[in-house]
Amino acid sequence: MQLSEAAPLVGARTRRDATFTSLGFASHDAPRMLVFLESEAHLDGVLANPAIAGVLASEALAAAVPERLGLAVAANPRLAFYTLHNHLVERTDFYGARRATQVAASARVDASAHVAEHDVRIGERVVVEPRAVIMPRVVLEDDVIVRAGTVVGSQGLQASVVDGRMLKVAHGGGVIMRRGAEVHSNSCIDRAVFGGFTEVGEDSIIANLVYVAHNVRIGKRCRVAANAAIGGSTTLGDEVYVGPGAAISSELRVGDGAVVSLGAVVTRDVLPGQRVSGNFALDHERFIAHMRQIR
């Protein structure tokens, strides 16, 4: 889409035209992104990200946007950005044209489960148990299991207070559960916001009452125990273990083979093979040493 085509939809003025194929934040890496810039605090992120094609900026920051990037100026860049995104989700095919749902003949979908009539693909030998809900833009690859009462593809918590009002942000992406993945009862997996997919990797298992936020990527053969919560745009490597009741903040990376102990509150990246514990989470051995000191 051309920036000069999009800008008038939200009352912005194009200074330099550009073609964009996705929207996102300065910390994202989708191809040819359009982002917004309303504060100098985020300027370095915009300058450093080669995936960005265009910027919706305030007048005060327009001069700081490099000539190589498309530029449109808006009185409130955040409002313009989210308004444009919602328009693209709700009124256009920018994030993909609607397609009829496809269910493989060997899949077993309980009669009480809800499967959206469009934009769902269910592969061979998939099991969808009673009262499970499969929303649009969901792909369940072969041998996936969705246990009773779970929701796959729900709307997540992406909202922003703009000019004293709550602006709710539509979710234009989906969820993909790779071959052999399994999610147990009464869990929730949100669909991605700016296109693309929240992803549960091959043979990974998500237990009961787990929340997986939008844009999360879970690698292969991971185990996420009951009552855990994984914040938006966080990436788990392969063979990660997340313990019961653990909480992982947004936009973090948890390396291959890492262990997040039960009840841990993770607010920084976890290295491959590292074990973290506590609130806020520390390296496990440091946490144990600390506990010994204070007892």
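Residues numbered from 1 in each chain as written. Predicted model: local features only at pLDDT ≥ 70, side-chain atom pairs only at ≥ 80, totals over all residues. Heavy atoms only, no water.

Novice: Before we go on, may I ask you to explain the environment of His284 in this structure?
Specialist: Tracing the chain through its elements places His284 in helix α4 (residues 284-294). Judged by its relative accessible area of 15%, His284 is buried. For the pair formed by His284 and Ala41, sequence separation is 243 residues and the distance between their alpha carbons is 33 Å. Those residues in contact with His284 that lie beyond four places of it in its chain are Ser261, Arg275, Val276 and Ser277. (Helix = DSSP H or I, 4+ residues; strand = E, 2+ residues; numbered from the N terminus. Buried < 20%, exposed > 50% of the residue type's maximum accessible area, 1.4 Å probe, protein only. Contact = heavy atoms within 4.5 Å.)

Novice: Explain the side chain of Thr235 to me, please; I cannot follow it from the model alone.
Specialist: Positionally, Thr235 belongs in strand β26 (residues 235-236). Residue class for Thr235 comes out buried when judged on its relative accessible area of 19%. Apart from residues lying up to four places away in sequence, Thr235 is in contact with Arg217, Leu252, Arg253 and Val254.

Novice: Could you clarify how one ought to interpret the sheet that holds strand β25 (residues 229-230) in this entry?
Specialist: What holds strands together in a sheet is hydrogen bonding between their backbones, with the strands either parallel or antiparallel. With parallel pairing, 8 strands are arranged side by side in an open sheet as β8-β11-β14-β19-β22-β25-β28-β31. Since the sheet does not close on itself, it has two edges, and those belong to β8 (114-115) and β31 (265-266), each with one partner. In terms of strand pairing, strand β19 (residues 188-190) meets strand β22 (residues 211-212) through 2 bridges, oriented parallel. Bridging across to β22, Cys188 finds its partner in Tyr211. (Pairing = 2+ DSSP bridges.)

Novice: Mind showing me how you'd approach the nonpolar core here?
Specialist: Generally speaking, nonpolar side chains in soluble globular proteins are found buried as a group. In this structure, Leu140 and Met177 are the most contacted members of the largest nonpolar core, which totals 44 residues. Listed by contribution, the elements that provide at least two residues to this core are β9 (120-122), β12 (138-140) and β17 (174-177). The residues contacting Met177, other than those within four sequence positions of it, are Val139, Leu140, Glu141, Val144, Ile145, Val146, Val152, Glu182, Val183, Ile189 and Val200. (Core = buried A, V, L, I, M, F, W, Y, C linked by side-chain atoms within 4.5 Å.)

Novice: I'm lost on the sheet that holds strand β1 (residues 13-16) in this one. Help?
Specialist: With respect to topology, 5 strands assemble into an open sheet ordered β1-β5-β4-β3-β2, the strand pairing being mixed. Looking at the sheet topology across the chains shown, the edges are occupied by β1 and β2 (22-23). Taken strand by strand, helix α3 (residues 77-91) contacts β2, β3 (33-37) and β4 (52-57), and its axis lies near 150° from that of β3. (Axes fitted to C-alpha atoms, helices over the stretch in contact; angles between N-to-C directions.)

Novice: Got a minute to help me understand the packing of aromatic side chains in this structure?
Specialist: Centre distance and the angle of the planes are the two values used to describe a pair of aromatic rings. Within this structure, the stated rule accounts for 9 aromatic pairs. With a centroid separation of 6.4 Å and 35° between ring planes, the pair formed by Phe25 and Phe81 is classed as tilted. One end of the pair, Phe25, is in the loop between β2 and β3; the other, Phe81, is in helix α3, with 56 residues separating them in the sequence. Phe81 shares its class with Phe25; the two are buried. Cluster of aromatic residues (ring-pair linked, three or more members): Phe25, Phe36, Phe81, Tyr82 and Phe194. (Phe/Tyr/Trp six-rings, centres within 6.5 Å; stacked < 30°, edge-to-face > 60°.)

Novice: Whenever I open this one, α3 confuses me. Can you help?
Specialist: The periodicity of an α-helix, 3.6 residues per turn, causes residues three or four places apart in sequence to face the same way. Under the 1.5 Å per step criterion, the end-to-end length of α3 is 21 Å for 15 residues, consistent within 8% with the ideal 21 Å. Among all positions of α3, only Pro77, Ala80, Phe81, Tyr82, Leu84, His85, Asn86, Leu88 and Val89 are buried. Along its buried surface, α3 packs onto α1 (3-6), β2, β3, β4, β15 (159-162) and β16 (165-168). (Expected span 1.5 Å × (residues − 1).)

Novice: Help me understand the pattern of salt bridges, please; the structure alone is not making it clear to me.
Specialist: Any two side chains of opposite charge can pair if their charged atoms end up close together. A complete count under the given rule lists 12 salt bridges for this structure. With a closest N to O distance of 3.0 Å, Arg147 and Glu182 form a salt bridge. Residue Arg147 is located in the loop between β13 (145-146) and β14 (151-154), and its partner Glu182 is located in strand β18 (residues 182-183); the two are separated by 35 residues in the primary sequence. According to the relative accessible area criterion, Arg147 is partly exposed, its value standing at 24%. The class for Glu182 is buried, based on a relative accessible area of 14%. (Salt bridge = Lys/Arg side-chain N within 4 Å of Asp/Glu carboxyl O.)

Geometry only, nothing functional implied.
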